[in-house]
Amino acid sequence: MKKTDSCRYFATWDTTSTVRSRPNRYLFTDTEFSETTPERWFPKALIPLANQAGMEILPEAALLRIHIGHLVHFLDYTTELEISYVNRAICCITQGALSQHFSSQERFCALKLYADEGYHALFSRELSDQVTNRFSLPRMRSARLHHLDRSRATQRHKHQELAAFIIAFVSETIITRELSWLSHGDLLPPILHMFQDHLIDESRHSIFFSDLFVTLWGGLSNSQKDFMVTCLIKTILIFSRPNIHFIRLIADTHLTVIENAIKTLQNNWLDRISDSTALTMRAIKRTDLFKNHTYINAFRENGLPT
Ligand SMILES: [Fe+2]
Ligand SMILES: [Fe+2]
């Protein structure tokens, strides 16, 4: 087993993790609820639609609905992903067949991560319920979660733990990349705190999962590696595809500018993958995965960076 120091960033967990050190940071005041500047509710950088040409002509009320709608969607998605997918992978690492690949110290640190994710789920729900109750916004389960559900349902039993691990690995490395783009001071305080606090924890998680990926890969059989590569590609594509159903729900699709922006998104979403998966790919390149021509070709055939 390749030795890594996966737990190095958990040494200060008792004093630096969000769940231990930063209570009561996510409650809105009435003044904050009356804010009408869209970008104070959710960063444009995380709204693919808002970055398309022509969107600047939309009335502020329409933009405000798009930004607040994305905030709620992101929070609800986070709550479910953390408890149903990331912590499912932690169960496999600590208790399941995968546990044989990891040291007792790694399994112990994984439990700290489990506690972090439970708290992320909690504060995301706390924020989301406040905003939804105030603005009576529609809520829609993320299409990404439906795709992950379908992918999970089709796995053979012997591969289920590997698939759970891959989903968490891709999720943890992509979310850290995304959160790092947006912790700027213009957001309303409860939202800014949520992003900053989540990022502090996720920076630790992405390093941990990257190290565990490298360790796990080194201990797999050839047929398990074949499965891992197929599953990696499928999962990265699921995490990168824009959620068109949600965009249609939250935006006024009678406007030509919205329809044009949706068409552009449907055509260019693969262009964003090399940015959003930078940390994912960095971990993959620490293994010999791309020394195998079949694997590297599979990535390229699906439009993924190598
Ligand atoms: Fe998290
Ligand atoms: Fe995490």
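Residues numbered from 1 in each chain as written. Chains lettered and ligands numbered in written order. Predicted model: local features only at pLDDT ≥ 70, side-chain atom pairs only at ≥ 80, totals over all residues.

Brief notes about the environment of Lys-112
Structurally, Lys-112 can be placed in helix α5 (residues 104–135). Look at Lys-112 and you get buried, because 21 C-beta atoms sit within 10 Å. C-alpha of Lys-112 to C-alpha of Ile-66: the two residues are 46 residues apart in sequence and 35 Å apart in space. (Helix = DSSP H or I, 4+ residues; strand = E, 2+ residues; numbered from the N terminus. Buried ≥ 20, exposed ≤ 12 C-beta atoms within 10 Å, placed from the backbone.)

Details of the nonpolar core
Ranked by internal contacts, the top residues of the largest apolar core, which has 71 residues, are Leu-49, Leu-71, Ala-89, Phe-165, Ile-166, Ile-167 and Ala-168. Counting only elements with at least two residues in this core, the list comes to α4 (60–94), α5, α7 (160–180), α8 (189–218), α9 (222–240), α10 (244–250), α11 (256–268) and α13 (278–284). Looking at this core, the element that brings in the most residues is α4, giving 14 residues. When sequence neighbours within four positions are dropped, the list of residues in contact with Ile-166 reads Met-228, Cys-231, Leu-232 and Thr-235. (Core = buried A, V, L, I, M, F, W, Y, C linked by C-beta atoms within 7 Å. Contact = placed C-beta atoms within 7 Å.)

Here's the deal with the packing of helix α6 (residues 143–153) against α9
For the pair α6 and α9, interaxial distance at closest approach is 9 Å and the crossing angle is 160°. Considered as vectors, α6 and α9 are oriented roughly antiparallel to each other. The chirality of how α6 crosses α9 is right-handed. Residues Arg-144, His-147, Leu-148 and Ser-151 of α6 form the contact with α9, whose own contacting residues are Lys-234, Ile-238 and Phe-239. When grouped by side-chain class, the residues that make up the contact of α6 with α9 number three nonpolar, two polar and two charged. (Axes fitted to C-alpha atoms, helices over the stretch in contact; angles between N-to-C directions. Parallel < 35°, antiparallel > 145°, perpendicular 65-115°, else oblique. Left-handed = near helix turned anticlockwise from the far one by under 90°. Nonpolar A, V, L, I, M, F, W, Y, C, P; charged D, E, K, R; others polar.)

Looking at the environment of Arg-25
Mapping Arg-25 onto the fold places it in the loop between α2 (18–21) and α3 (30–33). Owing to 14 C-beta atoms within 10 Å, Arg-25 belongs among the partly exposed residues under this scheme. Setting aside residues up to four positions removed in sequence, Arg-25 forms contacts with Pro-190, His-193 and Asp-197.

Looking at the packing of α4 against α7
At a minimum axis separation of 8 Å, α4 and α7 run at an interaxial angle of 125°. Taken together, the axes of α4 and α7 are oblique relative to one another. The two elements α4 and α7 meet at a crossing, and its hand is left-handed. Counted together, Leu-81, Tyr-85, Val-86, Arg-88, Ala-89 and Cys-92 of α4 and Glu-161, Ala-164, Phe-165, Ile-167, Ala-168, Ser-171 and Glu-172 of α7 form the full contact between these two elements. Counted by class, the contact of α4 with α7 contains nine nonpolar, one polar and three charged residues.

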